[in-house]
Amino acid sequence: MFFSRANPPPPSEITPQGIYLARRSFLNKLGALSAGALASGNAFGLTLPAPANANFPKRQLNPQDSDTRVTPYSTVISYGNFYEFGPDKDSPIRNAHRMRTDPWSIVVEGEVSAAKTFHIEDIVKLAPLEERIYRLRCVEGWSAVIPWLGYPLAELIKRCNPTGNAKFVEFWSLADPEQMPYTRIPVLPWPYIEALRIDEAMHPLSFLALGMYGKVLPNQNGAPLRVVIPWKYGFKGAKSVVKIRFVEQQPQTIWTKASPKEYGFYSNVNPDIPHPRWSQSYERRLGEIFKRKTLPFNGYADQVAGLYAGMDPRLTF
Ligand SMILES: Nc1nc2c(c(=O)[nH]1)N[C@H]1C(S)=C(S)[C@@H](COP(=O)(O)O)O[C@H]1N2
Ligand SMILES: [Mo]
């Protein structure tokens, strides 16, 4: 990306509590549901510690040993990218509190049987909430393991009633200059729009996150809802989504518009395809000292490689 990489902060002193203390009735409902979701464990057979037991990672001799250890909450809320709030890794936690997430709705348009609007109160109740513990690999070379709370993206996509012409789906993030100071500056071609092929969006791993670590999403991580596509670089998952648009042709995204040589449409994690300015072979899990190898499709190849059968991997970067 256009900002230099920095080191993650030490496990921070920030208390989770201050960030999201019950602001809306739907958040309370989400909290109640999440207790059940946590008890039910996670999908896809990952054996992972409950977030409450997650310790700050220790040095590992074998870099794969700790592969599924959950990254500390304090790290995930204080280090990240949300460029609408600024260029630095701590810009989101410093500035995202300005964003008002209530009321919130998502407009659905384009190739759908009828355009419509979903309100967040209804989106939260659309499908049973579950916990998914996913690796997140940022294209910049850092990664995290995050327990998301939400439901499959397919649940929402289905209810949008896309037409047969809908081959791709765009996710638009909020871009309000009043609340998001950096959207006044053309550092990126706002709004933040990311997109998927419909079958990618419908894949059972694709997730709509409303919370993480058993709590509602903090603003800086994309409240009140964001997309999570674990086999792609983190930037494919738009935060704070306000619009879903179905289209027939493969669309441009914020990153293909900003820098087409550096970012492709697919952006599947691939250690063998370097970014023009750095290797993608290794990554550093936030909080760890040694780098670990980046895995094809971020470790989800068994589930998703079939989506790209017959395609040249150089075209799916
Ligand atoms: N709207 C919006 N969504 C975004 C971004 C952004 O800047 N704006 N950054 C992306 C990038 S580059 C990454 S790596 C992830 C980071 O998510 P996290 O901060 O929750 O770890 O969010 C993605 N979604
Ligand atoms: Mo990223």
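Keep in mind it's a predicted model, so treat the numbers as computed, not measured.

Moving on: the overall build of the protein. For the protein, the count of helices and strands is 9 helices and 12 strands. Per-residue burial over the protein gives 55% buried out of 317 residues. Within the structure as shown, the protein displays about 13,400 Å² of accessible surface, and the carbon and sulfur contribution to it stands at 55%.

Before going further, it helps to spend a moment on the sheet that holds strand β1 (residues 105-110). Strand order in this open sheet of 5 strands is β2-β1-β10-β5-β6, and the pairing throughout is mixed. Of all strands in the sheet, those with a lone pairing partner are β2 (116-119) and β6 (193-197), marking the two edges. The average angle at which neighbouring strand axes cross in this sheet is 20°, direction not considered. Relative to β2, β1 runs antiparallel, the two sharing 4 bridges. Of the residues in β2, the one forming a bridge with I106 is F118.

Further remarks concern the confidence of the model for the protein. Of the residues in the protein, 79% have a pLDDT of 70 or more, and the chain-wide mean is 84. The least confident element of the protein, judged by mean pLDDT, is helix α1 (residues 17-20) at 30; the most confident is strand β5 (residues 168-173) at 99. The low-confidence segment residues 1-25 (pLDDT under 50) makes 54 contacts with residues lying over four places distant or belonging to another chain. Counted against residues more than four places away or in other chains, residues 35-65, with its pLDDT under 50, gives 50 contacts.

Here we come to the site of ligand 1. Around ligand 1 sit 17 residues in total, of which Y83, E84, S173, G237 and K239 are the nearest. In this structure, an oxygen atom belonging to ligand 1 sits 3.0 Å away from a side-chain N or O atom of R226. With the chains in place, 99% of the 540 Å² that ligand 1 exposes on its own is no longer accessible. For the shell around ligand 1, the per-class residue count stands at 8 nonpolar, 6 polar and 3 charged.

Turning next to the nonpolar core. Membership of the largest hydrophobic core comes to 84 residues, with the highest contact counts inside it found for W148, F171 and F246. Looking at which element gives the most residues to this core, the answer is strand β4 (residues 142-152), with 6 residues. What W148 contacts, discounting residues up to four positions off in sequence, is E130, E131, R132, Y134, L136, F207, A209, G211, M212, L217, R226 and V228.

For the structure shown, the criterion picks out 15 aromatic pairs. Ring centres 5.6 Å apart and planes at 85° place the aromatic pair F168 and F265 in the edge-to-face group. A residue pair is termed long-range when its members are at least 10 positions apart, and F168 in strand β5 and F265 in the loop between α8 (254-258) and β11 (282-285) qualify at 97 residues. Accessibility classification places F168 together with F265 in one group, the buried group.

On to the environment of S240, then. Along the chain, the position of S240 falls in the loop between β9 (226-228) and β10 (241-247). Note: C-alpha distance between S240 and N219 (21 residues apart in sequence) is 8.1 Å. Beyond its immediate chain neighbours, meaning those up to four positions away, S240 contacts F82, M99, W104, W172, S173, L174, G222, A223, L225 and R226. A polar side-chain atom of S240 sits 2.7 Å from the main-chain carbonyl oxygen of A223.

Within the secondary structure layout, I77 lies in the loop between α3 (73-76) and α4 (91-95). Each C-alpha atom, one on I77 and one on I93, is 6.7 Å from the other, the two residues being 16 residues apart in sequence.

It is worth spelling out the pattern of salt bridges at this point. Applying the stated criterion across every chain, the model contains 15 salt bridges. The residue E140 makes a salt bridge to K89 at a minimum N-O spacing of 2.8 Å. In this pair, E140 sits in the loop between β3 (130-137) and β4 while K89 sits in the loop between α3 and α4, placing the two residues 51 residues apart along the sequence. Across the pair E200 and K232 runs a salt bridge whose closest N-O atoms are separated by 2.7 Å. Taken together, the positions of E200 in helix α7 (residues 198-202) and K232 in the loop between β9 and β10 put the pair 32 residues apart, joining distant regions of the chain. Take E200: its relative accessible area is 0%, and that puts it in the buried class.

Glancing now at unusual backbone geometry. Each neighbour pair has its own omega, and for W190 with P191 the value is 0°, a cis peptide bond. For P191, the position within the fold is in the loop between β5 and β6. Within the chain, N161 stands out as a residue other than glycine whose phi angle is a positive 50°. For N161, the location among the structural elements is in the loop between α6 (153-159) and β5. Although it is not a glycine, F297 adopts a positive phi angle of roughly 50°.

With that out of the way, let us pick up the environment of Y151. Looking at where Y151 falls in the secondary structure, it is placed in strand β4. Using a relative accessible area of 0% as the deciding quantity, one classes Y151 as buried. Along the sequence, Y151 and S206 sit 55 residues apart, while their C-alpha atoms lie 8.8 Å from each other. Separated by 2.5 Å, the side chain of Y151 and the backbone oxygen of I123 make a polar contact.

About the cut-offs
Residues numbered from 1 in each chain as written. Chains lettered and ligands numbered in written order. Predicted model: local features only at pLDDT ≥ 70, side-chain atom pairs only at ≥ 80, totals over all residues. Heavy atoms only, no water. Helix = DSSP H or I, 4+ residues; strand = E, 2+ residues; numbered from the N terminus. Buried < 20%, exposed > 50% of the residue type's maximum accessible area, 1.4 Å probe, protein only. Areas by Shrake-Rupley, 256 points an atom, 1.4 Å probe, with all protein chains shown as cover. Pairing = 2+ DSSP bridges. Axes fitted to C-alpha atoms, helices over the stretch in contact; angles between N-to-C directions. pLDDT = per-residue confidence, 0-100. Contact = heavy atoms within 4.5 Å. Near = heavy atom within 4 Å. Polar contact = N/O pair within 3.5 Å; in protein donor to acceptor, adjacent residues only side chain to side chain. Nonpolar A, V, L, I, M, F, W, Y, C, P; charged D, E, K, R; others polar. Core = buried A, V, L, I, M, F, W, Y, C linked by side-chain atoms within 4.5 Å. Phe/Tyr/Trp six-rings, centres within 6.5 Å; stacked < 30°, edge-to-face > 60°. Salt bridge = Lys/Arg side-chain N within 4 Å of Asp/Glu carboxyl O.

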